[in-house]
Amino acid sequence: MDRNTYREQSRRTWGEMASGWEDRRAWLMRTTQPVSDWLLENLDPQLGQTVLEIACGTGDLGFLVAERLGADGRLVSTDFAAEMVDVARRQSESRGLTNVEHRVLDAERMDLGDDSVDGVLCRFGYMLMADPAAALRETSRVLRDGGRLAFAVWRSPEKNPWSSLPGMTLVQRGHMPVPGPDAPGIFAMADPDRIHEMVTGAGFSEPEVAEIAFDFTFQDFDDMWDMLVRLTGPLADVLNALPEDERAATRDAIQANVASYRSNDGSYCFPASAWCVLAQ
Ligand SMILES: C[S@@+](CC[C@H](N)C(=O)[O-])C[C@H]1O[C@@H](n2cnc3c(N)ncnc32)[C@H](O)[C@@H]1O
């Protein structure tokens, strides 16, 4: 698929995921808290600063930053899917936040001035972009000298069976090709050498890269299935397009492939692992 077709399809897919992400906000924030904690601590936002969140989804992580910026500071909360930005806007209004600006922006070409922000935050966004190296160059352009970029991407499929086993099942059943090593997707920045190359290639100095491991837990398989069909972007797209019989058979096959992560009470607990990166 050429990059422009991918961008358009990806934007549409993530727009369709917005209601699932809104419904599972609390679960998402709880599950990814170790990553959020690392990003917040290393971004180290200060009163009065302007911070940009890229690929913000529901915006919840950025709102924790907004609370630290004070009335004179500003969070620019952005995503390329207008439906996600609508969710984020609703959430910041319901929290009564007055220092948040919501914008629909594609991280690969942002309508923001050079050196216009003091810090940038992006959790699980860059690896999904058609050209993450271009997005990092664009990030470097809008970030002032010495400003911090804190971002998270997923580590390898082996470290993240909550996603790779369902993906593998779709490949086994002929519903998806094996993703190419550099193709955009959840594991596209799993190689730390690639992260290093992209970050320094975008004009940042040596990044600090930390491995953050945590758990993905589901109360039962229905709960996991809900996450798969409403949150996982391209994977959800494939699952939701299957004819009813094959969708049910694929569900059974995924359940069988993740059986070793099931506890006696019917809940599931998977290891998960991310690279958290600080660049300046
Ligand atoms: C996996 S979700 C992560 C959302 C949020 N950062 C979080 O951690 O909860 C990925 C988000 O990236 C956004 N996204 C993907 N490509 C993008 C791009 N090129 N520019 C801006 N946002 C993008 C999607 O719309 C989606 O909201």
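Scroll up to find the structure this text is about.
Scope of this entry: the structure provided in the associated data block.

Rules behind the numbers
- Residues numbered from 1 in each chain as written.
- Predicted model: local features only at pLDDT ≥ 70, side-chain atom pairs only at ≥ 80, totals over all residues.
- Heavy atoms only, no water.
- Axes fitted to C-alpha atoms, helices over the stretch in contact; angles between N-to-C directions.
- Helix = DSSP H or I, 4+ residues; strand = E, 2+ residues; numbered from the N terminus.
- Parallel < 35°, antiparallel > 145°, perpendicular 65-115°, else oblique.
- Left-handed = near helix turned anticlockwise from the far one by under 90°.
- Contact = heavy atoms within 4.5 Å.
- Nonpolar A, V, L, I, M, F, W, Y, C, P; charged D, E, K, R; others polar.
- Near = heavy atom within 4 Å.
- Polar contact = N/O pair within 3.5 Å; in protein donor to acceptor, adjacent residues only side chain to side chain.
- Areas by Shrake-Rupley, 256 points an atom, 1.4 Å probe, with all protein chains shown as cover.

### With respect to the packing of helix α7 (residues 161-172) against helix α11 (residues 244-257)
Then, in step 1: Closest axis-to-axis distance for the α7/α11 pair is 9 Å, and the angle between their directions is 130°. Put simply, α7 runs oblique to α11. The hand of the α7/α11 crossing is right-handed. Touching Leu165, Pro166, Met168, Thr169, Leu170 and Gln172 of α7 are Thr250, Ala253, Ile254 and Asn257, all from α11.
Then, in step 2: Its residues placed into classes, the contact of α7 with α11 shows six nonpolar, four polar and no charged.

### Description of the site of the ligand
Then, in step 1: Ala55, Asp79, Asp106, Ala107 and Arg123 are the nearest of the 16 residues found near the ligand.
Then, in step 2: Take Arg123: an N or O atom from its side chain is 2.6 Å from an oxygen atom of the ligand.
Then, in step 3: Burial of the ligand by the protein amounts to 96% of the accessible area it has alone, namely 600 Å².
Then, in step 4: Per-class residue counts for the shell around the ligand are twelve nonpolar, one polar and three charged.

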